[in-house]
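Structure assessment
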Amino acid sequence: MDAAGLTEFELHRPRLFALAYRMFGSASEAEDAVQETYLRWESSRRDEIRSAEAWLTTILVNICRNWLDSARARRETYVGPWLPEPVHTAHGELGPLESAEQREMVSLAFLALMERLAPAERAVFVLREAFGYAHREIADMLDLTEANSQQLYRRAALRVREDRPRFEPAPAHTRELLEKFLVAAASGDVPALENLFVADIVSVADGGTKIKAARRAVVGAAKVANYLVHLFSHDIMRVPDLAVAVENVNGAPAIVVRGGGGVLGIVGVDFSGDRVAALQLVVNPDKLDYFARAEKAVA
């Protein structure tokens, strides 16, 4: 590809990745979709393209639509709960996350809920809600009528929000609460953990086939507290060169566990007031590969 064409594509690459990630909830699949978009850009008649942004967005979102069916089929046979791949967001990796709504849309919990949408619904919802495209523009991209785009958007919004827990915004002292959480879990202080949780807290773990993890959600303050203490005492605390930190992941503070030369797990946390309402534990090494690679690239 000529230098001008490559420069133009690289200008749009971060935005394309951010879009594809919201479509898949998978950084690795988003990378593949961006690469396929690049190959089509490389073989296109670029002198006939009026708007590179519109052309690239259209190609990418339709690639994602086509691939989502096979992605969904793989997830239906996934061992245990499926959670999205975490992405570090301290440096704008997923685009602007200035509002609570923008941050919610890339949270692990919300991206998991997006799995219930059909490919066309997800495409319309992401383009409209996350990127602010008008329904006329979305209709052109997806080869729909404007009325159909509006209908798909309304249906998608209803489906992802009807069962979405109404968590309150995380308090300003989120990091302080997470530090207390870590101290209690590492020291085996079950009562202290229970005091940090809402009564009906839900913990979901994604270990895939490679890491032993709870195959079902753990529900209730006492059960989750005991589960975490066992996890820390039998698995995490025995790791060489253990390092546990609170970092910005998917738009919110999360717990990142490192050891043995790699990233071992990431815990997403949802709050209800000053208490923890839900946990998402991602420990499948395949789900942590992008996070680790991106971290090394920055370093």
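Notes on the structure in this doc start here. Predicted model, so just to flag it, every value in this text is computed and none were measured.

At a minimum axis distance of 10 Å, the contact between helix α1 (residues 3-24) and helix α3 (residues 52-76) shows a crossing angle of 30°. Remark: the crossing between α1 and α3 carries right-handed chirality. Together, Glu8, Phe9, His12, Arg15, Leu16, Leu19, Ala20, Met23 and Phe24 of α1 and Ala52, Glu53, Leu56, Thr57, Leu60, Val61, Cys64, Arg65, Trp67, Leu68 and Arg75 of α3 make up the contact between the two elements. Tallied by class, residues from the contact of α1 with α3 come to 13 nonpolar, 2 polar and 5 charged.

What the rule picks out here adds up to 8 aromatic pairs. Here a set of aromatic residues connected by ring pairs shows up, and it is made of Phe17, Tyr21 and Tyr290.

We now examine helix α11 (residues 221-234). Here α11 is 14 residues long and its end C-alpha atoms lie 20 Å apart, about the 20 Å a rise of 1.5 Å per residue gives. Among the residues of α11, Ala221, Val224, Ala225, Tyr227, Leu228, Val229, Leu231 and Phe232 are the ones counted as buried. Along its buried surface, α11 packs onto α9 (174-187), α10 (190-196), β1 (197-206), β2 (218-219) and β6 (275-282).

What follows concerns the layout of surface pockets. Over the atoms rolls a probe the size of a water molecule, and its path tells where empty space is left. Roughly 570 Å³ of volume is contained in the second largest pocket. Those elements giving two or more residues to the lining of the second largest pocket turn out to be α9, α11, β4 (252-259), β5 (262-272), β6 and α12 (285-298). For the lining of the second largest pocket, a count of residues per class yields 23 nonpolar, 2 polar and 2 charged.

What follows is about empty space enclosed by the protein. As enumerated under the stated definition, the model contains 2 cavities of 30 Å³ or more in all. Looking at the largest cavity, its volume works out to about 60 Å³. When residues of the lining of the largest cavity are assigned to their parent elements, the largest contribution, 4 residues, is made by α3. By residue class, the composition of the lining of the largest cavity is 4 nonpolar, no polar and 4 charged. In this structure, the second largest cavity occupies an estimated 30 Å³ of space. In terms of lining, the second largest cavity is formed by Val79, Gly80, Pro81, Ala205, Gly207, Gly208, Ile211, Ala213, Ala214 and Arg215. Class assignment for the residues of the lining of the second largest cavity results in 6 nonpolar, 3 polar and 1 charged.

Moving on, we come to the sheet that holds strand β3 (residues 243-249). Spatial strand order, β2-β1-β6-β5-β4-β3: 6 strands in an open sheet with mixed pairing. Looking along the sheet, the strands with just one partner apiece sit at the ends: β2 and β3. In this sheet, β5 lies alongside β4 in antiparallel orientation, the contact comprising 5 bridges. When the bridges of β5 are listed, Val256 appears paired with Ile266.

Throughout the structure, instances matching the rule amount to 19 salt bridges. For Glu29, the salt bridge is made with Arg75, and the minimal N-O distance between the two is 2.5 Å. Of this pair, Glu29 sits in helix α2 (residues 27-42) while Arg75 sits in helix α3, and the two are 46 residues apart along the sequence. The same class applies to Glu29 and to Arg75, which are both buried. Here Glu115 and Arg75 are joined by a salt bridge, their closest N and O atoms 2.8 Å apart. Here Arg75 lies in helix α3 and Glu115 lies in the loop between α5 (108-113) and α6 (119-130), a separation of 40 residues in the sequence. Each of the two residues, Glu115 as well as Arg75, counts as buried. One continuous salt-bridge network, built from bridges that share partners, spans Glu29, Arg74, Arg75, Glu115 and Arg122.

This paragraph deals with the pairing of β1. Taken across its 10 residues, β1 has 7 buried, putting it largely inside the fold. Relative to β6, β1 is paired through 6 bridges, and the arrangement is parallel. Each residue of the ladder has a partner; that of Ala205, found in β6, is Leu281. The pairing of β1 with β2 spans 2 bridges and is classified as antiparallel. Paired with Ser203 across the bridge in β2 is Val218.

The next thing to look at is the pairing of β6. With 7 of 8 residues buried, β6 lies mostly within the body of the structure. Of the strand pairs in this sheet, β5 and β6 are connected by 7 bridges, and their pairing is antiparallel. What sits directly across from Phe271, in β6, is Val276. Hairpin connection between β5 and β6: a loop of 2 residues separates the two successive antiparallel strands, and Gly273 in this loop has a positive phi of roughly 65°.

The rules we used
Residues numbered from 1 in each chain as written. Predicted model: local features only at pLDDT ≥ 70, side-chain atom pairs only at ≥ 80, totals over all residues. Heavy atoms only, no water. Axes fitted to C-alpha atoms, helices over the stretch in contact; angles between N-to-C directions. Helix = DSSP H or I, 4+ residues; strand = E, 2+ residues; numbered from the N terminus. Left-handed = near helix turned anticlockwise from the far one by under 90°. Contact = heavy atoms within 4.5 Å. Nonpolar A, V, L, I, M, F, W, Y, C, P; charged D, E, K, R; others polar. Phe/Tyr/Trp six-rings, centres within 6.5 Å; stacked < 30°, edge-to-face > 60°. Expected span 1.5 Å × (residues − 1). Buried < 20%, exposed > 50% of the residue type's maximum accessible area, 1.4 Å probe, protein only. 1 Å grid on protein atoms, 1.4 Å probe; cavity = no way out; pocket = protein on both sides within 12 Å on 5 of 7 lines; lining within 4 Å. Points joined across faces, edges and corners; volume = space filled by probe spheres on them. Pairing = 2+ DSSP bridges. Salt bridge = Lys/Arg side-chain N within 4 Å of Asp/Glu carboxyl O.

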